[in-house]
Number of protein chains: 2
Amino acid sequence: MLRISLAALAVASCACAQTFQRLGTCPKLGCVFPPDRTTFVPGQAFDIRLEVHAPTNGSEAYANGVPDETFTFTICKDGGAEKSVTEFFKVDDPKLEKWNFTYFEDLFAQQADTPVTVNVAAKAYRHLALYEPGNYTAKLTYYDGTVTEALWKVREPSYKRKAKNVILFIGDGMAPTMVTAARLLGHKSVNGEYLTTLQLDEMEALGLQRTHSIDSFITDSANSATALYTGKKSSVNALNVYADSSPDPFDDPKFETFAEMFYRIQGGKVGIVSKAYIADATPAAMTAHTRRRADYPEIIDSFLNGVTANYSWTEFKGVDVLMGGGAENFQAPESFKNQDYYELFADRGYSVVYDKDELEGADSSKKLLGIFTTGNMDKWLDQKVYPQNTVGNENSPKNDGTDAPNQPDLKQMTLKAIEVLSKRAKADGDKGFVLMSEAASIDKMMHVLDYDRALGELLELDDTVRATFQKLKDLGELEDTLVVVTADHGHGFDVFGSADTMYLASADTPRAKRTAVGVYEQSGLSGYQVRQGTNPKNNTRVIGPQGPGFPVTWEPRYAIAAGTVAFPDKRENYTVHTQGPRVPADEIEGLDAPTDGNYVNPEDAPNGYISNGTLPVDQSQGVHSLTDVGVYASGPGSEMFRGVYDSTGIFFRIADALNLGRTENVTVKH
Amino acid sequence: MLRISLAALAVASCACAQTFQRLGTCPKLGCVFPPDRTTFVPGQAFDIRLEVHAPTNGSEAYANGVPDETFTFTICKDGGAEKSVTEFFKVDDPKLEKWNFTYFEDLFAQQADTPVTVNVAAKAYRHLALYEPGNYTAKLTYYDGTVTEALWKVREPSYKRKAKNVILFIGDGMAPTMVTAARLLGHKSVNGEYLTTLQLDEMEALGLQRTHSIDSFITDSANSATALYTGKKSSVNALNVYADSSPDPFDDPKFETFAEMFYRIQGGKVGIVSKAYIADATPAAMTAHTRRRADYPEIIDSFLNGVTANYSWTEFKGVDVLMGGGAENFQAPESFKNQDYYELFADRGYSVVYDKDELEGADSSKKLLGIFTTGNMDKWLDQKVYPQNTVGNENSPKNDGTDAPNQPDLKQMTLKAIEVLSKRAKADGDKGFVLMSEAASIDKMMHVLDYDRALGELLELDDTVRATFQKLKDLGELEDTLVVVTADHGHGFDVFGSADTMYLASADTPRAKRTAVGVYEQSGLSGYQVRQGTNPKNNTRVIGPQGPGFPVTWEPRYAIAAGTVAFPDKRENYTVHTQGPRVPADEIEGLDAPTDGNYVNPEDAPNGYISNGTLPVDQSQGVHSLTDVGVYASGPGSEMFRGVYDSTGIFFRIADALNLGRTENVTVKH
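### Some thoughts on the overall build of chain A
In step 1: Across its full length, chain A holds 16 helices and 28 strands.
In step 2: Relative to the compact-globule value of 26 Å for 670 residues, chain A shows a C-alpha radius of gyration of 26 Å, a close match.
In step 3: Counting only C-alpha atoms and orienting by the principal axes, one finds that chain A spans roughly 80 × 65 × 50 Å.
In step 4: Taken over 670 residues, chain A has a buried fraction of 64%.
In step 5: A separation of at least 24 residues holds for 71% of the contacts in chain A among residues at least 6 apart in sequence.

### Here's the deal with the interface of chain B and chain A
In step 1: If you look at the interface, chain B gives 102 residues, while chain A gives 102 residues.
In step 2: Looking at the side of chain B that touches chain A, the element that brings in the most residues is strand E20 (residues 493-500) of chain B, giving seven residues.
In step 3: Along the lines of polarity and charge, the residues of the side of chain B that touches chain A split into 42 nonpolar, 40 polar and 20 charged.

### With respect to the relation of the copies chain B and chain A
In step 1: Once turned by 180° and shifted 0.0 Å along the axis, chain B lies on chain A with an RMSD of 0.0 Å. The relationship between the two copies is best expressed as a two-fold rotation axis.
In step 2: Most of the interface of chain B is mirrored in chain A, where 100% of its interface residues again form contacts.

### What to know about unusual backbone geometry
Residues and elements named next belong to chain B.
In step 1: Here Phe33 and Pro34 are connected by a cis peptide whose omega angle stands at 0°.
In step 2: Within the secondary structure, Pro34 is located in the loop between strand E1 (30-33) and strand E2 (38-40).
In step 3: Cis geometry is found at the peptide bond from Ala332 to Pro333, where omega equals 10°.
In step 4: In this structure, Pro333 sits in the loop between strand E15 (321-325) and helix H8 (341-347).
In step 5: Phi at Lys90 is positive, roughly 55°, even though this residue is not glycine.
In step 6: On the secondary structure map, Lys90 appears in the loop between helix H1 (85-89) and strand E6 (97-103).
In step 7: Residue classification places Lys90 among the exposed positions, given that 7 C-beta atoms sit within 10 Å.
In step 8: The residue Asn399 is not glycine, and still its phi comes out positive at about 55°.

### Thoughts on the confidence of the model for chain A
All names here are of chain A.
In step 1: Residues at a pLDDT of 70 or more form 96% of chain A, whose mean pLDDT is 94.
In step 2: Confidence drops under pLDDT 50 across residues 1-17; counting only partners more than four residues distant or on other chains, this segment forms 34 contacts.
In step 3: If you check the scores for this complex, the pTM reads 0.96 and the ipTM reads 0.96.

### Section: the environment of Glu328 of chain B
Residue and element names in this part refer to chain B.
In step 1: When you line up the elements, Glu328 lands in the loop between E15 and H8.
In step 2: Separated by 32 residues in the primary sequence, Glu328 and Tyr296 have C-alpha atoms spaced 9.6 Å apart.
In step 3: With sequence-adjacent residues up to four places away left out, Glu328 is seen in contact with Glu334, Thr374 and Asn399.

### Here we look at the packing of helix H4 (residues 221-230) of chain A against helix H16 (residues 648-658) of chain A
Angle between the axes and distance between the axes are the two parameters that describe a pair of packed helices.
Residues and elements named next belong to chain A.
In step 1: For the pair H4 and H16, interaxial distance at closest approach is 5 Å and the crossing angle is 30°. In terms of orientation, H4 lies roughly parallel with respect to H16. On the side of H4, the interface is formed by Ala227, Leu228, Tyr229 and Thr230, while H16 contributes Thr648, Ile650 and Phe651.
In step 2: Looking at the contact of H4 with H16 residue by residue, the class counts come to five nonpolar, two polar and no charged.

### Quick look at the sheet that holds E20 of chain B
Residues and elements named next belong to chain B.
In step 1: With antiparallel pairing, the three strands of this open sheet are ordered in space as E21-E20-E22. One side of each edge strand has no neighbouring strand; the edge strands of this open sheet are strand E21 (517-518) and strand E22 (558-564).
In step 2: Bridge analysis of E20 against E22 gives seven bridges, and the strand direction is antiparallel. When the bridges of E22 are listed, Ala499 appears paired with Ala559.
In step 3: Together, E20 and E22 form the strand contacts of helix H3 (residues 176-186), whose direction differs from that of E20 by roughly 35°.

### What to know about the sheet that holds strand E4 (residues 72-77) of chain A
Within a sheet, adjacent strands bond to each other through the backbone by hydrogen bonds, running parallel or antiparallel.
All names here are of chain A.
In step 1: Pairing within the open sheet is mixed, and its five strands lie in the order E2-E9-E8-E4-E5. In the strand order of this sheet, the two ends are held by strand E2 (38-40) and strand E5 (83-84), each with one partner.
In step 2: Of the pairings in the sheet, the one linking E4 to E5 comprises two bridges and is antiparallel in character. If you follow Ile75 over to E5, its bridge partner there is Lys83.

### Description of the nonpolar core
In step 1: The biggest cluster of nonpolar side chains holds 378 residues, and the ones touching the most others in it are Met178 and Leu458 of chain A together with Met178 and Leu458 of chain B.
In step 2: When sequence neighbours within four positions are dropped, the list of residues in contact with Met178 of chain B reads Ile442, Ala454, Leu455, Leu458 and Phe493 of chain B.

### Regarding helix H7 (residues 296-305) of chain B
Residue and element names in this part refer to chain B.
In step 1: Buried residues dominate H7, accounting for nine of its ten residues.
In step 2: Looking only at H7, the buried set comprises Tyr296, Pro297, Glu298, Ile299, Ile300, Asp301, Ser302, Phe303 and Leu304.
In step 3: Tucked into the core, H7 has its buried residues touching strand E14 (269-277), helix H6 (281-284), E15 and H8.
In step 4: Where H7 terminates, the next one or two residues include Gly306, which has phi positive at roughly 70°.

### Side note on helix H16 (residues 648-658) of chain B
Residue and element names in this part refer to chain B.
In step 1: Of all eleven residues in H16, eleven are buried, a share of seventy percent or more.
In step 2: Among all positions in H16, only Thr648, Gly649, Ile650, Phe651, Phe652, Arg653, Ile654, Ala655, Asp656, Ala657 and Leu658 are buried.
In step 3: Asn659 sits one or two residues past H16 and shows a positive phi near 55°.

### Section: the pairing of strand E18 (residues 433-439) of chain A
Side-chain direction in a regular strand flips from residue to residue, so the side chains alternate between the two faces of the sheet.
All names here are of chain A.
In step 1: With seven of seven residues buried, E18 is to be regarded as a mostly interior element.
In step 2: Neither face of E18 is left uncovered, since the one carrying Phe433, Leu435, Ser437 and Ala439 and the one carrying Val434, Met436 and Glu438 both have all their residues buried.
In step 3: Here strand E10 (residues 165-171) runs beside E18; their pairing, made up of six bridges, is parallel. Each residue of the ladder has a partner; that of Ile170, found in E18, is Glu438.
In step 4: Inspection of the sheet shows strand E14 (residues 269-277) paired to E18 by six bridges, in the parallel sense.

### Notes on the environment of Lys471 of chain A
Residue and element names in this part refer to chain A.
In step 1: Its location among the elements puts Lys471 in helix H13 (residues 451-474).
In step 2: Taking the C-alpha atoms as reference, Lys471 lies 24 Å from Met174; in sequence the two are 297 residues apart.
In step 3: Excluding residues that lie within four positions of it along the chain, Lys471 makes contacts with Leu415 and Ile418.

### Things to note about the environment of Val617 of chain B
In step 1: As for its position among the elements, Val617 of chain B is in the loop between strand E26 (609-611) and strand E27 (629-634).
In step 2: Assessed through the 20 C-beta atoms surrounding it within 10 Å, Val617 of chain B is described here as buried.
In step 3: Along the chain, Val617 of chain B and Ile418 of chain B lie 199 residues apart, while their C-alpha atoms are 44 Å from each other.
In step 4: Leaving out residues up to four positions away in the same chain, Val617 of chain B has contacts with Arg511 and Arg514 of chain A together with Asp596, Gly597 and Asn598 of chain B.

The rules behind each value
- Residues numbered from 1 in each chain as written.
- Chains lettered and ligands numbered in written order.
- Predicted model: local features only at pLDDT ≥ 70, side-chain atom pairs only at ≥ 80, totals over all residues.
- Helix = DSSP H or I, 4+ residues; strand = E, 2+ residues; numbered from the N terminus.
- Rg over C-alpha atoms; globule rule 2.2 N^0.38 Å.
- Buried ≥ 20, exposed ≤ 12 C-beta atoms within 10 Å, placed from the backbone.
- Contact = placed C-beta atoms within 7 Å.
- Nonpolar A, V, L, I, M, F, W, Y, C, P; charged D, E, K, R; others polar.
- Least-squares fit on C-alpha atoms with pLDDT ≥ 70 in both.
- pLDDT = per-residue confidence, 0-100.
- Axes fitted to C-alpha atoms, helices over the stretch in contact; angles between N-to-C directions.
- Parallel < 35°, antiparallel > 145°, perpendicular 65-115°, else oblique.
- Pairing = 2+ DSSP bridges.
- Core = buried A, V, L, I, M, F, W, Y, C linked by C-beta atoms within 7 Å.

So this is what it looks like as structure tokens:
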């Protein structure tokens, strides 16, 4: 059997495509999706995509750029007989597809503008499933006997449903280091012992999950939400598909999410809540399937209609609860086919609400759409501590350029969502509900190095989780509900001391200002849990205006000295940004500096000191990091969430708790 | 009753002593040690120290600087009768002590050199214990009725011994982010799934512990080792004492370690292994009691003789195994009373060994002292990958200025220690053993921003833990041994992408060099798990020269782009330091730059790009951070280590596993 020698892929300069890849997950010239080592819950729907590549130039140039169109594909289970894919799945062979794409082999090639062109022959098989647990060997044969094999595994189903409901909280970007810092700000310690701690600290099960992508070790939120909801690693920007090389973002091979499976198999209700624009990756990944997370119009449509592209897929007639920002994608000109989705949701029986009061008053027996702003919703710190920053933003959900002064917070949205989902599920056979609630702006504020706002969002999440348990108890759902809190990735953030902000502001050189940072014993105690100007060693607990679990003051003289490992040029003064979210860097015009990329925003922390960035100068913000992230779970099935595992493990544990595995096709009527 | 108004402590400028403290753990002018909220295992020995402060000047000036010498101290249990301390413990009242000390209220005061002087009246009660579980209220009354109360809690004993042996591994400075990064370097993933993982990933129980100090939220290794070994939070630089204000570092109030209690109560064997100089904080804290971790001569003596200061304390006739570096403190002129500790240990029946071969040949039935270098032992990366760096260091354990070319590694030391401890324990009534084994240079290399060396040490630790389970199995000790791996604190470290080191070196401006960093999808796959110049997407596992669980190459073209949040001025090129450990910053003489503090070391990463530091310019290294650290446990009692808790919780769980709580005085004969 002829195989392409891998050694031949390495050239003297080692243009070995680590970071500039021909196609992630396809190390050979023949590509199989789902790729090697994919694991399924039995009955989980998926597409197959096969590609044969013929690079016309570059270190992998092959076959004069003519891809083999006669490739074959077989499947065998547990060492049994090899069957052709059409025989195995009893489907017809689809039409051959052809396209080409280009890529750069490395930075030198990119800067010289010498791309590689790849011609492709491909096929796709749509909406299949494997029902029998076991190991499957999928084999693509091409170029006269070259083989790409993929081992697929189908797990045993759990057989028993442990939880009626699942609530999955995602703290977007919430690294464990940020949980630690949030505890320091929100809770008081006396002689080294915390008087109170986070709700996250009190959960029944603790785990850590690895967040890397299928083809890179740093993930984005689309990619990682895909892993959490489907058990499949994918690529940056991809929502519930494997990234193929075709130009169409909607033809990439799909796989089902736990929300789709729960709806299809258990007939339960699905809710989505986020403080981001609701078409953003983490909420979108509950129902959307696209290579391109920025397909916002189609994503909004998927919340109401499921997948409606030209391929058969799991029927999904809409979420029961949808709340967040992103009004612009609900109406022309930025909506799907310029339709008015407020009207379309209302036509399908949804209450449509636009502010906190309307939300509170909404009928809990009806489906609910709550869109409260254009773009992302305001941050907790602005909503609660600096409300003047919520004025003048022209972010009304009516898309009329007025303000959105009366937004709910994450807790209000989440508790209402639970109320609606519980009531509607009970009224429809008590088949349970799943809810994803996202503290989206932990990530968004960490990107702009606004540590205070990020930690405010994290404390809001913690407060919301605490209130959720009470709500579940009130509704009689506590014993039946698995609550899981996790993150999709982290940022390389930590606290390394405290900064005497008064000294820092008064010192007159950048190097003198750095003296304001106290490390080790001079970090002292948290200044956030005492009234301003009082002694942090006072043993008495003080509760601030935002209630227990939040800082008493956000403006202590001795503030946390915190930072990230990945940053654009930035200036730090460790002082809360009272005027609104931070903008650390920007492309500066009219300065002496050349305008090649981002420099310190001259208006940010003007009395601070500068560190030149660690990131490429085209980055104006921080980026995601490698860190494992925490998993905190309570309720039936929570014991499964202990230990260290992959992000995909979240899906498999939820699927087991809800008993989503099926050894035959199950689709309930809606 | 007159109390000092806390409000009076706050002045307009808020010199409220957060980071510049009169005395940590003493918010009032009357100080009680053990302080409020101390928890004991029943029978755990401790000292009491009482102080009354009279600041002569500053914002707390009181009583014209004359401390109340007539203070009284009472104790009552569970709301019972108040008894004087002498009656309660049936001890005589000690002599009153007097001294003074000075401190600065803040940075402004420090720079103006305007200290506060505090006069002190004090007493100490030595070597006490509380045997009855319950809550005790200790009350210091001074200044005509002012009161400082301390609530002490004595836990229930565990009653049942779960583990015969405990092995505690400490990865010094090992933040969870570093565990993630070490996995990336040491293990290969294919399509997002690791083919192998860390031993730490496979442990039965996962926990997170909070690392803060009693009086600051950032800890050092002395302070945190104290918490881990005794269940008592203390202060930076303190080993198993509460920091009082007296000038003598040996008169501070002590409390027992689990090693001392295990020796006293169970009669078991104690072993200590570290890659640091063996008087360093983490090994020292097993047996030493001092306010000043730098008391190396006395610390070495404590390994052999226990505490020999002028106060009665738990008898400790020496560890059974002691291995590490730090030869200079074993002989004059840097040894305790200029004694030759090699001779003293030998006189007490120890095998004394100085290199790997002697270690291997040592009689496992004898006590064992192995000192292999002056200072810290060489790093794993230098020992195994760049052995030329172990030459010319003039670090012979014989203190003769020759080299130490034949050092054992952490695994060799640990496995030998287990063999000796197991054999000797079995020969002496099978009362079990405790071993602390420290991967010390994870921390030391992270301090100098040498990420590669730090991760090498971490992988060495992981490999050692894996080998430990096999060794325990071979010795028939596996079922009886609790193995706990944790850290004492972290560093704010993370990986944020990969760097094309070839591009970085070739680019000609600092800003252009930053383009070499690939983030998100351009982070790509780990280049450390393939042979140099081959495709990282090759699915085949390759095992490198250092064996499984280590990188195949340390010099991939695409290296991890990593950093810390706290750094001196530094320059990064993301390339392994082949010439030995990194020196990122230094006080530069003879340059145009002023010599006020540290600047980038001109010889470090000369082809890299600079970021100005985030730390005070007197810091030449990185510092510890706030992050919670991981706890990984297997074996009998390991289930107790799940969840989120304080660093002190490690002690209480070990004490419960070994059943160290006693409701009456137990001291076995040795």
